[in-house]
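Analysis of the macromolecular model
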Amino acid sequence: MPLPLLTILALVPLVGSLVLFAVKGPAARLIGYGFALTTAVLGVLATVLQARGVPLAEDVAWIPQIGAHYALDLDGMGALLVLMTVILVPVVMLAEWRVGEQPESRWSVNAFFALTLMLQAFALIVFMASDILLFYMAFEATLIPTYFLIGGFGGPKRQAAALKFLIFSLAGGLVMLVAVAGVYAVTAAAGNPSFLINDLVGTEMSTATARWLFAGFFFAFAVKAPMAGLHTWLPDAAEQSTPGTSTLLVGVLDKIGTFGMLKICLVAFPEASAWATPAILIWAMVSVLYGAFMAFGAKDLLRLVSYTSISHFGFMVFGIFALTTQSISGSIFYMLNHGLSTAALFLVVGFMIRRRGSQHIDAFGGVQKVAPVLTGVLLLAGLSALALPGMGSFVSEFLVMAGAWQRYPVQTAIITVGMVLAAVYVLRMYKTTTSGPVTDQVAEHITHDLSSREKAVVAPLLILLIVFGFVPQPVLTMADDTAVQTMAVVGAEDPAPQVQEGNR
Amino acid sequence: MINVLEIAAPTLEWGLLSPLLVILGGACLGVLIEAVAPREMRYVLQSALAALAVVVAFGLTTLNWIQATPQLAAVDLLALDGPTYVFWALLLISGLAAVALFAERALGGGQSAFASSAATVPGSPLEREADALHREHTEIFPLLLFSLFGMMIFASANDSLTVFVAVEIFSLPLYLLTGMARRRRLLSQEAALKYFLLGSLASAIMLYGISLLYGFAGGFKFAAIDQAITAGAGSMPLLLTGMLLTSVGLLFKIGAVPFHIWTPDVYMGAPSPVTAFMAVATKTAAVAALLRVFYVALGGLQWNWQLLFAVVAVATMLLGSTMALAQNDIKRLLAYSAIAHAGFILVGVVGAVAAGEGVNLPSVAAIAFYLFTYGIATFGAFSVITMLRRAGGEANSLEAWKGLGRSNPVIATLMTLFMLSFAGIPLTAGFVGKLAVFESAWVGGYGWLVLVAVVMSVIAAFFYLKVVVAMWFQDADEESVGTVETPSLWTWSVLVVSAVATLVLGLIPGGVLTLLTDAAQFIR
């Protein structure tokens, strides 16, 4: 039997988290960071092996009575999200190196690192699971560390924010549980109870059942990748928790939503997806525009960043349900870029806030003159968020648009407004905080530029974003793989080009 | 010539009945010990005897489970089939845990949770004298065994009269045990009286139902009732009324709405070890009897009682979950949680699917698994409850739990684990239990009930969360904070085993589910 690389990949951070709960003192931080780096190496290894086509799948019968398997596998999308997760976690740890030291902190930095590693382990299992029950269990298990991360570290109203997060997530998750029980009933009725996604694909079920199950799954994912209306937990959570937690929340956890829409909703219930697509596209458009407008009006830096994410998730959902190879692979690539880009934005804004002691946009002004490097990094992160050409996010946003245009030109045209608004809110935030005269408060509090630790936090993120902007091909190939497979399973074909070839 | 009346001696299957006999024998021997052994030796003798009897009975049960073919025993009064062995095993496991909690004396300054002399008037000089002499009631162990004996018969009864007799056998010791708390004795005695009065009433109503069923079928045997229903002869109103009234007694013991009123007061008033035992064992035995009565005897009326139980399940989950939200006493909270869990179990009962084409997990196995996970978490939670103390007694107010995460992270983590299991969060046993009963209900054609049950689980998750929030996110208040006392090995073992089992059954439930599934076939 070959080495179960994927299991090891998930176990390393889990073990690390348990070790950190046991270890006391400052050494724990280094141990935790060591576990995160080890996970990163394993994650990169798994991604490379996946890209080379090495089989990594594991499948062990787990609960035979109900047809549950302990089954892990990586497809192109899974590999990219694993890659993103293993990169983001050490970055976040480094950024929150001193998180437990504020007087209002309830718990030590050790607890933060331990919870982060636990969250990472569950998130990795979600991205690797090819069994719906395993997926669901890891999906719900992420709530536990996240709840404590939000409730344990951050602003004064963090407990209320944590509770709100939990209410929304539990409601979504338990609705999904009904659908999970339904999957069992459907496969059992077909004679072979099984939770493997591959077994579910093509299982006969009535149209109504398929639509109900689709709705159950989609609701949970729409709460997770917050779509307008189900999103209200996110700005509160982002405002109250530390920037590191927000990064994990938006960068890693919320991706589970879009990931699940593609991997479960679209693949297992193609007919129901087609039935729901018109509504979902409108919903996605509303999310894009709503998020953008709210970001435009936000007075709190962290809320602003979270609203930009709501807008971006709208793009991803739009790309997935536009159902062309290009738009899907664009969406997958978008997930990766958005993770890195939002992480950069959250963390840099976090550095500003920590210096100034306020997260109100109006509390800043003229930061450029006192901290030029910080300002430069903020600009780069902002430009990535608004998808400037040359950044990875541009490539993905363009692919979503180009792909979706082939099928839904009108909707795509409307959604483009979101791109314009993105430029407006990012630049407005940049202008208000960094330019103009240096206010007294800023001069008093922002006394030093980025430290070397903080530079080490943002450097890898920005470098990757720029590299993906200029050389997207290797990563895009992996995203394309999944997109092509999905199209094949769903039985959809790209629309034929509408423009006739010119006379030659 | 004189005709001599010939009475044939009944043949008893001694080997098959040995678990019952060991428990009964242990109980009787315990009574004897009370009479002859010197006072200072009784505690050791009684606790060892009780533990030994339960362990031996458990061993014999497993042995029979493996070897014996399912058959009727004791003049067809008992059905010794797969479900019987499953529920006996569950009952004996909870019996062992209860013995351990009963025997705990390290908490509260070397005294058990039971009154030093239950016969004295609370607050009287006699009571103070008994306290000063460190008197204690070691009769609790035989009482526990008698109760366990009744429950085992209840779970295996194959005849409606035996059902009634078994209810009485296991209830009477419980009424007594409820009234024997060391602290807040008036409350405890009041609870015992309430439990007794309401319990007797429920039993009486059930007896009336049984007599109506007898009138319908002309016999007590479940097989006879089933045949009469299948034949379609007899009076339908008689049958339906009989079914309804019989269900009253069973639903009362389960703690389902509208027969739940006793639960909060009794759970709160009884000594915590007794509460734990009642919460787990009574429910297990009553569900087992309910399954047998309705699946075996009244299986032909499935279309009638499925709807009845569906309505009861919805009401029970709704009331249990919402009322628990408002509780500020941990034992009351767990009482309402027990009501809510009764509702979730009934969801599984409604499904009523047997193993067959495409169904690998029959309802009986799903429900047994649910009861197992619920029992584990309950014993775990109650052992923590007995450990958290203030001013000599248990600190049951949620106020006392504040800041526990900081002062004792290990205990707080364990309690969190049990709460998550109650709430049905994945990676804990409770999740798999919920999943199992929901699936069997869905397969049985009650998808809508699953939807309702899931909504209720969200509500239920909140009050469990209240405990978690108090422990981890709130600061201790000097006025009300409780301290964790170190118990003896008895409680520790219950706590550790419960925690490990909660995790193991949450991660790899396959083995246990296989065992339960293989033993899910009733005989009649």
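Here the structure is a predicted model, which means the values were calculated and not measured.

Describing the overall build of chain B
On a plain count of helices and strands, chain B comes out with 20 helices and five strands. In summary, chain B has a C-alpha radius of gyration of 23 Å against a globular reference of 24 Å for 524 residues, a match within 12%. Summarising its shape, the C-alpha atoms of chain B cover approximately 75 × 65 × 40 Å along the three principal directions. Considering only intrachain contacts with a sequence separation of at least 6, the fraction spanning at least 24 residues in chain B is 80%.

Some remarks on the overall build of chain A
A count of helices and strands for chain A gives 22 helices and two strands. Taken over C-alpha atoms, the radius of gyration comes to 22 Å for chain A, in line with the 23 Å a tight globule of 504 residues would show. Each principal axis of the C-alpha atoms in chain A carries an extent, and together these give about 70 × 65 × 40 Å. Counting over 504 residues, chain A shows a buried share of 62%. Partitioning the contacts of chain A with sequence separation of at least 6, the portion at a separation of at least 24 is 82%.

Structural notes on the interface of chain A and chain B
Counting residues at the interface gives 26 residues for chain A, matched by 26 residues for chain B. Those elements that place two or more of their residues in the side of chain A that touches chain B are β1 (58-63), α5 (132-141), α6 (143-152) and α7 (158-189) of chain A. If you tally residues by element for the side of chain A that touches chain B, the top one is α7 of chain A, at 13 residues.

Quick word on unusual backbone geometry
The residue after Val257 of chain B, namely Pro258 of chain B, is reached through a cis peptide bond having omega 5°. Topologically, Pro258 of chain B is positioned in the loop between α9 (236-254) and α10 (262-269). Phi at Ala387 of chain A is positive, roughly 60°, even though this residue is not glycine. Examined against the element boundaries, Ala387 of chain A turns out to sit in the loop between α17 (372-385) and α18 (392-405).

Quick look at the environment of Ser47 of chain B
Residues and elements named next belong to chain B. Looking at the element boundaries, Ser47 is found in helix α2 (residues 39-67). Residues Ser47 and Gly249 lie 202 residues apart in sequence; the distance between their C-alpha atoms is 32 Å. When near neighbours in sequence (up to four residues on either side) are disregarded, Ser47 contacts Val99, Ala103 and Phe141.

Regarding the packing of helix α3 (residues 76-95) of chain A against helix α15 (residues 325-356) of chain A
To characterise two packed helices, one gives the angle between the axes of the helices and the distance between these axes. Residue and element names in this part refer to chain A. Packing of α3 against α15 leaves a shortest axis separation of 9 Å and a crossing angle of 10°. When the interaxial angle is binned, α3 and α15 end up roughly parallel. Facing Met77, Leu80, Leu81, Met84, Leu88, Val91 and Ala95 of α3, the residues of α15 in contact are Ile332, Met335, Leu336, Gly339, Leu340, Ala343, Leu347 and Gly350. Considering only residue class, the contact of α3 with α15 consists of 13 nonpolar, two polar and no charged.

Digging into the pairing of β1 of chain A
With five bridges joining them, β1 of chain A and strand β2 (residues 68-72) of chain A adopt antiparallel strand pairing. Bridge pairing in β2 of chain A places Ala61 of chain A opposite His69 of chain A.

Considering the pairing of β2 of chain A
In terms of burial, β2 of chain A is a largely internal element, four of the five residues being buried. Turn length for the β1 of chain A-β2 of chain A hairpin, with the two strands adjacent in sequence and antiparallel, is four residues, and the turn residue Gly67 of chain A shows positive phi of about 70°.

Some thoughts on the sheet that holds strand β5 (residues 483-484) of chain B
All names here are of chain B. If you walk across this open sheet you meet the three strands as β4-β3-β5, and the pairing is antiparallel. Each edge of the open sheet carries a strand with a single partner, namely β4 (393-394) and β5. Pairing of strand β3 (residues 388-390) with β5 involves two bridges; the strand directions are antiparallel. Looking at β5, one finds that Arg389 is bridged to Thr483. Docked against the sheet, helix α14 (residues 363-387) engages β3, β4 and β5, running at close to 25° with respect to β3.

Things to note about α9 of chain B
Residue and element names in this part refer to chain B. Spanning 19 residues, α9 covers 27 Å between terminal C-alpha atoms, matching the ideal 27 Å at 1.5 Å per step. Along α9, the residues classified as buried are Leu239, Gly242, Met243, Thr246, Ser247, Gly249, Leu250, Leu251, Phe252, Lys253 and Ile254. Of the surrounding secondary structure, the elements contacted by the buried residues of α9 are α6 (160-178), α7 (185-217), α8 (222-231), α11 (272-297), α12 (302-325) and α13 (330-351). Phi turns positive one or two residues past the end of α9, at Gly255, with a value near 90°.

Observations regarding the environment of Leu143 of chain B
Residue and element names in this part refer to chain B. Structurally, Leu143 is set in helix α5 (residues 140-156). Leu143 gets classed as buried once you count the C-beta atoms within 10 Å, which come to 23. Counting along the chain gives 33 residues from Leu143 to Leu176, while the straight-line C-alpha distance between them is 8.3 Å. Leave out the neighbours within four places in its chain, and Leu143 touches Pro173, Leu176 and Leu177.

Concerning the confidence of the model for chain B
Residues and elements named next belong to chain B. Averaged over every residue, the pLDDT of chain B is 91; residues scoring 70 or more account for 99%. Confidence, expressed as mean pLDDT per element, reaches its minimum in chain B at β4 with 82 and its maximum at α5 with 96. Quick note on the complex model: pTM equals 0.90, ipTM equals 0.84.

Thoughts on the environment of Ile210 of chain B
Residue and element names in this part refer to chain B. Inspection of the secondary structure assignment puts Ile210 in helix α7. On the basis of neighbour count, Ile210 is assigned to the buried category, with 22 C-beta atoms found within 10 Å. As for Ile210 and Asp159, which are separated by 51 residues in sequence, their C-alpha atoms are 9.9 Å apart. Dropping the residues within four chain positions of it, Ile210 is found in contact with Ser160, Leu161, Phe164 and Thr246.

Details of α7 of chain A
Residue and element names in this part refer to chain A. When the terminal C-alpha atoms of α7 are compared, their 46 Å separation across 32 residues agrees well with the 46 Å that a helix rising 1.5 Å per residue should span. Counted residue by residue, α7 has 25 buried out of 32 residues, so it is predominantly covered. A positive phi of about 100° marks Gly191, the residue just after α7.

What to know about the packing of α13 of chain B against α14 of chain B
Residues and elements named next belong to chain B. One way to put it is that α13 packs onto α14 with a least axis distance of 9 Å and a crossing angle of 170°. It follows that α13 is roughly antiparallel to α14 by the angle criterion. For the pair α13 and α14, contact is made by Ile330, Lys331, Leu334, His341, Phe344, Ile345, Gly348, Val349 and Gly351 and by Ser363, Ala366, Ile367, Tyr370, Leu371, Tyr374, Ala381 and Ile385, respectively. Each residue belonging to the contact of α13 with α14 can be placed in one class, and the counts come to 12 nonpolar, four polar and one charged.

Cut-offs applied
Residues numbered from 1 in each chain as written. Chains lettered and ligands numbered in written order. Predicted model: local features only at pLDDT ≥ 70, side-chain atom pairs only at ≥ 80, totals over all residues. Helix = DSSP H or I, 4+ residues; strand = E, 2+ residues; numbered from the N terminus. Rg over C-alpha atoms; globule rule 2.2 N^0.38 Å. Contact = placed C-beta atoms within 7 Å. Buried ≥ 20, exposed ≤ 12 C-beta atoms within 10 Å, placed from the backbone. Axes fitted to C-alpha atoms, helices over the stretch in contact; angles between N-to-C directions. Parallel < 35°, antiparallel > 145°, perpendicular 65-115°, else oblique. Nonpolar A, V, L, I, M, F, W, Y, C, P; charged D, E, K, R; others polar. Pairing = 2+ DSSP bridges. Expected span 1.5 Å × (residues − 1). pLDDT = per-residue confidence, 0-100.

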